[in-house]
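# Reading the structure
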Amino acid sequence: MELLLYIVLATLAGGVLSVLLAASVGLTVLARWADRLVGFAVGVLLAAALLTLLPKAVNELGPETAGAWLLAGVIAFFVLEKLALWRHQHGKQEVAPSGPMILLGDAMHNFVDGVLIAAAFLHDPALGVATALAVLLHEVPQELGDFMVLLSAGYSRRRALLFNALSGSAAVAGGVLGYFALRGAEGVLPYVLAIAAASFLYIAVADLVPELH
């Protein structure tokens, strides 16, 4: 149960603390440092994926199997993102998503992050800490963007903070569910770690690096 407590605390940091950090200083300090924060998050995500998560998966599965799952994960995240954005394209160059769609997508993303954090902790507590830190660092700039979108969609600051925090708490649900679902399935953990590496790689390369450009 001690490990479950660590998972809950880590998912709270990644899901809820990131929302509070983004909202509390999003309109002042972080607004001036957003670009540098995104660049730092890219480095942390790439390091976590390529230097911690993927080597663990390779050690357990072998390079070919781990590489195949990494590739499958990248393709899956690409398809999921396109399906989520399908309604907003329809030939238009830019269509801003509504507040509810932002919250729904963020909640789903946070839930998956929680499962990945739980899998990392079950494999190795030190890996879990590194994964939670990577999630926290990439969530802060993302939550900053979500907070701004909610404000522009007509939400008050108080409602934007409340709803964003609720969507962030989905990470805790994912962490708890991941703990009980994966605790007796050690053979599944290396595959989840490969998918986690794919998630971090995709977020860094497909979402954050274009922002830097």
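Model, not experiment: these values are computed from the prediction.

### Focus on a nonpolar patch on the surface
Among the surface-exposed residues, Leu 71, Ile 75, Phe 78, Val 79, Leu 80 and Leu 83 lie close enough to one another that they form a single nonpolar patch of about 590 Å² accessible area. Mapped onto the secondary structure, Leu 71 falls in helix H3 (residues 63-85).

### Points about the confidence of the model for the chain
Per-residue pLDDT for the chain has a mean of 78; in total, 79% of the residues score no lower than 70. Averaged over each element, pLDDT in the chain is lowest for helix H2 (residues 29-61) (77) and highest for helix H7 (residues 170-182) (90). Contacts for the low-pLDDT stretch residues 87-98, under 50 throughout, to residues beyond four places or in other chains number eight contacts.

### Here's the deal with the nonpolar core
Ranked by internal contacts, the top residues of the largest apolar core, which has 41 residues, are Leu 45, Leu 53 and Phe 200. A per-element tally of this core places helix H8 (residues 189-212) first, with 13 residues. What Phe 200 contacts, discounting residues up to four positions off in sequence, is Leu 45, Ala 48, Ala 49, Leu 53, Thr 131, Ala 134 and Val 135. Judged by nonpolar contacts, the second largest core, of six residues, contains Ala 23, Leu 103, Leu 150 and Tyr 155.

### Some details on the side chain of Ser 167
With respect to the element layout, Ser 167 can be found in helix H6 (residues 157-168). Accessibility expressed as a relative area gives 4% for Ser 167, which makes it buried. Setting aside its immediate chain neighbours within four residues, Ser 167 contacts Leu 103, Asp 106, Ala 107 and Asn 110.

### Examining H7
Along its 13 residues, H7 runs 18 Å from first to last C-alpha, staying within 8% of the 18 Å computed at 1.5 Å per residue. Those residues of H7 lying buried are Ala 170, Ala 171, Val 172, Gly 174, Gly 175, Gly 178, Tyr 179 and Leu 182.

### Quick word on the environment of Leu 133
Turning to its location among the elements, Leu 133 is positioned in helix H5 (residues 125-152). Considering only alpha carbons, one finds Leu 133 and Ala 13, 120 residues apart in sequence, at a separation of 8.5 Å.

### Focus on the side chain of Thr 11
By the element assignment, Thr 11 lies in helix H1 (residues 2-25). There is a polar contact of 2.9 Å between the side chain of Thr 11 and the backbone oxygen of Val 8. If we skip the residues at most four places from it in the chain, Thr 11 touches Val 16, Gly 114, Ile 117, Ala 171, Val 172 and Gly 175.

Criteria and thresholds
- Residues numbered from 1 in each chain as written.
- Predicted model: local features only at pLDDT ≥ 70, side-chain atom pairs only at ≥ 80, totals over all residues.
- Heavy atoms only, no water.
- Patch = residues over 30% accessible without salt bridge, like charges linked within 9 Å, V, L, I, M, F, W, Y side chains within 5 Å.
- Areas by Shrake-Rupley, 256 points an atom, 1.4 Å probe, with all protein chains shown as cover.
- Salt bridge = Lys/Arg side-chain N within 4 Å of Asp/Glu carboxyl O.
- Helix = DSSP H or I, 4+ residues; strand = E, 2+ residues; numbered from the N terminus.
- pLDDT = per-residue confidence, 0-100.
- Contact = heavy atoms within 4.5 Å.
- Core = buried A, V, L, I, M, F, W, Y, C linked by side-chain atoms within 4.5 Å.
- Buried < 20%, exposed > 50% of the residue type's maximum accessible area, 1.4 Å probe, protein only.
- Expected span 1.5 Å × (residues − 1).
- Polar contact = N/O pair within 3.5 Å; in protein donor to acceptor, adjacent residues only side chain to side chain.

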